[in-house]
Amino acid sequence: MTLLRFTPAALSRSRFALSPLAETLGSLITLHRTDPDPWLAAWHDRHRAGYHAWLAADPVAAGLMSLVSATKWLPDLVVVPPVGGTRTNLADELAEVAAFSDTQTRATVADAVAASWQPQDTAWLAGDRPAERIAAVLAEGWRRFVAPDWPRRRALLERDIMHRSGLLATYGWRQAVGSMTRRSTWVGADGFRFSDREHPDRWIGDEGLLFVPKTAGVGWWTCERPQRDALVYPAYGPAAQVDDPAGDPLSTLLGAGRARVVRELAREATSTQLAYALDVSLGTVSGHLAVLRDAGVVAGARIGRSVVYRLTGRGQGLLDLLAPTSGDHDPPALP
């Protein structure tokens with residue numbers, strides 16, 4: 001297995017961050033594949049024809065996406081760590097991509113080609129300043145397929161960070177990162193296992209590790225730089241399951257909409273985050289929350305400029321008592 005190992009200084013300085021670039025790359029890889037995760041199927045179907053038309057008209061886009069969708073080692077220039085924490089913007093990330101020299105770009109692409117499980121034609125890499133052309137491809141991918149949906153995605157990413165930050169404050173890194181990937185777990189006092197692949201352990205520098213969620217797909221990747229490393233992981237619960245209320249006693253008692261809010265609040269959330277997760281209007285969510293709050297099922301607490309809602313003891317008891325009898329269709333709760 002592969003371990004990321006932390007010095008005490010590295011652990012204390014590790015942080016969560018957002019990356020529009022990581023969200024873009026994950027989304028483009030999802031569009032390139034034919035088997036999206038269920039919560040991405042509608043988005044995938046809506047954009048797939050436009051995606052392939054774009055690749056047909058742009059050989060750099062076609063070559064880059066063929067490579068990054070079929071390799072175990074992503075080129076360094078497409079996985080730069082975010083530099084602005086939770087306020088990272090795409091322009092700054094793309095500037096770092098474009099700054100790679102021709103030699104650096106071709107060398108890291110060659111590494112990715114060597115790790116590809118499909119033959120790769122790298123004719124698209126010919127010519128001067130390939131890094132600038134790759135940055136332009138990623139900018140266009142963002143514009144076409146991610147930017148229109150970014151407010152919703154950002155709310156889901158911020159909710160994941162908010163929840164894990166709460167776990168970190170209460171229990172430490174072991175609980176905060178233990179469910180980031182299918183194989184991730186804390187090992188010993190200083191090791192984080194994120195893969196079963198046999199690679200040498202890697203020590204994280206004293207600047208710490210950036211943990212970066214993404215909504216697109218279940219895969220993960222690392223970003224390595226001398227000044228700071230990052231781990232991009234799938235955000236928990238990017239979309240809430242829409243259950244059939246038939247046979248569901250919680251829906252029968254509360255109504256389907258309020259039952260979904262109660263189940264979604266297994267993890268705390270703001271009203272805006274709930275609206276995006278449940279794909280309903282903010283007004284609808286606010287109405288449900290008002291009724292549930294009056295009944296003592298949920299409670300809200302102001303944190304900064306936001307009100308964060310959670311289940312009360314009564315709400316959790318109601319959820320436990322009236323769980324569906326025909327199988328649980330909801331994603332498992334984080335520890």
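What counts and what doesn't
Numbering of residues starts from 1 in each chain and follows the order in which that chain's sequence is written. Restriction of local features to residues with pLDDT of at least 70 applies here, the model being predicted, together with a cutoff of 80 or more for giving and counting side-chain atom pairs; totals for whole chains, interfaces and linings are based on all residues. Each side-chain value is worked out from all heavy atoms of the structure, with water and hydrogens disregarded. Segments assigned H or I by DSSP are reported as helices when at least four residues long, segments assigned E as strands when at least two residues long, and all are numbered from the N terminus. Only protein chains enter the calculation, and the probe is 1.4 Å; a residue is then buried if its accessible area is under 20% of its type maximum, exposed if over 50%, and partly exposed in between. Nonpolar cores are built from buried Ala, Val, Leu, Ile, Met, Phe, Trp, Tyr and Cys residues. Side-chain atoms within 4.5 Å join them into one set. The contact definition used throughout considers only heavy atoms, calling two residues in contact when any of these lie within 4.5 Å. A fitted line through C-alpha atoms represents every axis, and for helices the fit uses only the stretch in contact; the resulting angles, taken between N-to-C directions, go from 0 to 180 degrees. If an angle is under 35 degrees, it is roughly parallel; if it is over 145, roughly antiparallel; if it lies from 65 to 115, roughly perpendicular; otherwise it is oblique. Classes in brief: Ala, Val, Leu, Ile, Met, Phe, Trp, Tyr, Cys and Pro nonpolar; Asp, Glu, Lys and Arg charged; the others, Gly included, polar. In this document the domain limits rely on a domain assignment from an automatic tool or a database. Buried area counts how much accessible surface, traced with a 1.4 Å probe, disappears from two parts once they are put together, with both parts' losses summed. Should a side-chain nitrogen of Lys or Arg be within 4 Å of a carboxyl oxygen of Asp or Glu, the pair is scored as a salt bridge. Each polar contact in these results corresponds to two N or O atoms within 3.5 Å; when the atoms are within protein, one needs to be able to donate a hydrogen and the other to accept it, and residues that are neighboring in sequence are counted only if both atoms are side-chain atoms. When DSSP finds two or more bridges between two strands, those strands count as paired. Here a pair means two rings of Phe, Tyr or Trp (six-membered ring of Trp) with centres within 6.5 Å. Their orientation is stacked below 30 degrees between planes, edge-to-face above 60, and tilted elsewhere. Ring-over charges, as used throughout, are those where CZ of Arg or NZ of Lys falls within 6 Å of the ring centre and within 35 degrees of the ring normal.

## Quick notes on unusual backbone geometry
Here the phi dihedral of Arg129 falls at roughly 50°; this positive angle occurs in a residue that is not glycine. Summarising the element assignment, Arg129 is placed in the loop between α6 (102-114) and α7 (130-146). A relative accessible area of 29% places Arg129 in the partly exposed class. The phi angle at Asp279 is positive, at roughly 60°, despite the residue not being glycine. Assignment of secondary structure puts Asp279 in the loop between α12 (271-278) and α13 (282-294).

## Observations concerning the nonpolar core
The biggest cluster of nonpolar side chains holds 67 residues, and the ones touching the most others in it are Phe6, Val78, Leu138, Phe192 and Phe211. Among the elements that take part in this core, α7 stands out by supplying eight residues, more than any other. Excluding residues that lie within four positions of it along the chain, Phe192 makes contacts with Thr2, Leu3, Leu4, Phe6, Val177, Met180, Ser184, Thr185, Trp186, Phe211 and Leu231.

## Looking at the packing of helix α11 (residues 256-264) against α13
At a closest axis distance of 10 Å, the pairing of α11 and α13 adopts a crossing angle of 75°. As far as their axial angle goes, α13 and α11 are roughly perpendicular. Mapping the contact onto sequence places Gly257, Arg258, Val261 and Val262 in α11 and His288, Leu289, Val291 and Leu292 in α13. Grouping the constituent residues of the contact of α11 with α13 by class yields five nonpolar, two polar and one charged.

## Considering the domain arrangement of the protein
Interface extent is often summarised as the accessible area lost during association of the parts. By the assigned domains, the protein splits into domain 1 (2-234) and domain 2 (249-322). Inter-centroid distance (C-alpha atoms) of domain 1 to domain 2 is 32 Å. Contact with domain 1, which involves nine residues of that partner, is made by nine residues of domain 2. For the pair domain 1 and domain 2, the summed buried area comes to about 930 Å², and 58% of that belongs to carbon and sulfur atoms. Together, Arg159, Met162 and His163 form the three largest contributors to the area buried by domain 1 at its contact with domain 2, with a combined 63%. For the pair domain 1 and domain 2, the number of links is one salt bridge. Arg159 is paired through a salt bridge with Glu264; the nearest N and O atoms lie 2.5 Å apart. Put simply, domain 1 and domain 2 have four residue pairs in polar contact (both at pLDDT 80 or more) between them. When the residues that make up the side of domain 1 that touches domain 2 are grouped by side-chain class, the tally is four nonpolar, one polar and four charged.

## Describing the pairing of strand β6 (residues 209-214)
Counting buried positions over the six residues of β6 gives six, a clear majority of the element. Along β6, one buried face is formed by Leu209, Phe211 and Pro213 and the opposite face, lined by Leu210, Val212 and Lys214, is buried too. Inspection of the sheet shows strand β2 (residues 15-16) paired to β6 by two bridges, in the parallel sense. Looking at the pairing, Arg15 lines up with Leu210 of β6.

## With respect to the environment of Leu282
Inspection of the secondary structure puts Leu282 in helix α13. When its relative accessible area of 40% is taken as the criterion, Leu282 is described as partly exposed. For the pair formed by Leu282 and Trp186, sequence separation is 96 residues and the distance between their alpha carbons is 38 Å. When near neighbours in sequence (up to four residues on either side) are disregarded, Leu282 contacts Ser271, Thr272 and Ala275.

## With respect to the packing of aromatic side chains
For the coordinates displayed, the defined rule picks out ten aromatic pairs. Ring geometry for Phe6 versus Trp186: centroids 5.6 Å apart, planes at 25°, classification stacked. A residue pair is termed long-range when its members are at least 10 positions apart, and Phe6 in strand β1 (residues 2-6) and Trp186 in strand β3 (residues 185-187) qualify at 180 residues. We classify Trp186 as buried; its relative accessible area is 8%. Centroid distance Tyr51 to Phe145: 6.0 Å. Interplanar angle 65°. Geometry classified as edge-to-face. Within this pair, whereas Tyr51 is found in helix α3 (residues 41-57), its partner Phe145 is found in helix α7, the two being separated by 94 residues in sequence. Its relative accessible area of 0% is what places Tyr51 among the buried residues. Note that Arg153 overlies the ring of Trp43, its terminal NZ or CZ placed 5.1 Å from the centroid.

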